[in-house]
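Structure at a glance
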Amino acid sequence: MLSKNTIEKWIIPHLSVGSRGFEPTVPLVELVEAIFYRLKTGCQWRELPTKEFFRGTILSWNSVYYRFQK
């Protein structure tokens, strides 16, 4: 898995920022880690272990999938 510093330095600056919609309630690093986990393992979106990735507010798999589609 990629480190948080690598994700912050090389991936997050290249993500698009929309002017509409809601602001993420969790750090983008945690969202990217969850998406990478799903892509690496090939698990179903519904079986994504979200409690493992989010420390403060726990998102549902729907929220992670929504950000992935954006």
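As a starting point, this report considers the structure included with it. Residue indices follow the written sequence of each chain, beginning from 1 at its first position. Local features are withheld for residues below a pLDDT of 70 in this predicted model, meaning they are given only at 70 or higher, and side-chain atom pairs are given and counted only at 80 or more; totals for whole chains, interfaces and linings count all residues. Remark: hydrogens and water are excluded; side-chain values derive from all non-hydrogen atoms of the structure.

**Digging into the overall build of the chain**
A count of helical and extended segments in the chain gives three helices and zero strands. Each helix is a run of DSSP H or I of at least 4 residues and each strand a run of E of at least 2, with the numbering of both proceeding from the N terminus. Helices and strands in the chain line up, N terminus first, as α-α-α. Two things to know: the radius of gyration comes from C-alpha atoms, and the globule rule equals 2.2 Å times the number of residues to the power 0.38. For 70 residues, the compact-globule estimate of 2.2 N^0.38 gives 11 Å, and the C-alpha radius of gyration of the chain, at 12 Å, lies within 12% of that figure. By its C-alpha atoms, the chain is 30 × 25 × 25 Å across when sized along the principal axes. Accessibility here uses a 1.4 Å probe with only protein chains present; expressed as a share of the type maximum, an area under 20% marks a residue as buried, one over 50% as exposed, and anything in between as partly exposed. Here the chain holds 70 residues, and 24% of them are scored as buried. Any two residues whose heavy atoms approach within 4.5 Å are treated as being in contact. Restricting the contact set of the chain to residue pairs at least 6 apart, pairs at least 24 apart contribute 48%. Accessible surface, the chain as shown: approximately 5,300 Å² in total, 53% of it carbon and sulfur. Accessible surface area values rest on a Shrake-Rupley calculation with a 1.4 Å probe, where residue burial reflects the displayed protein chains alone.

**Here's the deal with the nonpolar core**
Among the buried residues, those of types Ala, Val, Leu, Ile, Met, Phe, Trp, Tyr and Cys that are joined through side-chain atoms within 4.5 Å form a nonpolar core. Within the largest apolar cluster, eleven residues are counted, these being V26, L31, A34, I35, C43, W45, L48, F53, F54, L59 and V64. No other element matches the three residues that helix α2 (residues 28-41) contributes to this core. The contact partners of I35, leaving out residues within four places of it in the chain, are V64 and F68.

**Considerations on the packing of helix α1 (residues 4-11) against α2**
Across the interface, α1 lies against α2 with an axial gap of 10 Å and an inter-helix angle of 100°. Between α1 and α2, the interaxial angle falls into the category roughly perpendicular. Here K4, I7, E8 and I11 of α1 lie close against α2, whose contacting residues are V29, V32, E33 and F36. Residues belonging to the contact of α1 with α2 are distributed by class as follows: five nonpolar, no polar and three charged. Every axis in this analysis is a line fitted to C-alpha atoms, fitted for helices over the stretch in contact. Angles between the N-to-C directions lie between 0 and 180 degrees. Between 65 and 115 degrees an angle is taken as roughly perpendicular, under 35 as roughly parallel, over 145 as roughly antiparallel, and anywhere else as oblique. Each residue receives one of three labels: charged for Asp, Glu, Lys and Arg, nonpolar for Ala, Val, Leu, Ile, Met, Phe, Trp, Tyr, Cys and Pro, and polar for the others, Gly being one of them.

**Side note on the packing of α2 against helix α3 (residues 61-69)**
It is the contact of α2 with α3, at a shortest axis distance of 10 Å, that shows an interaxial angle of 90°. Classified by the interaxial angle, the pair formed by α2 and α3 is roughly perpendicular. Across the interface between the two elements, L31, A34, I35 and L39 of α2 pack against V64, R67 and F68 of α3. Residue composition of the contact of α2 with α3, by class: six nonpolar, no polar and one charged.

**Thoughts on the packing of aromatic side chains**
Stacked, tilted and edge-to-face are the three classes applied to pairs of Phe, Tyr and Trp rings, where Trp contributes its six-membered ring and a pair requires centres within 6.5 Å; stacked means planes under 30 degrees apart, edge-to-face means over 60, and tilted covers the rest. The tally for this structure, following the rule as stated, stands at three aromatic pairs. Summarising the aromatic geometry, the rings of W45 and Y65 are spaced 5.2 Å apart at their centres and angled 70° between planes, so their arrangement reads as edge-to-face. Taken as a pair, W45 in the loop between α2 and α3 and Y65 in helix α3 lie far apart in primary sequence, 20 residues in all. Its relative accessible area of 32% is what places Y65 among the partly exposed residues. Taken together, a centroid distance of 5.1 Å and an interplanar angle of 45° make the contact between W45 and F68 tilted. On the criterion of sequence distance, the pair formed by W45 in the loop between α2 and α3 and F68 in helix α3 is long-range, its members being 23 residues apart.

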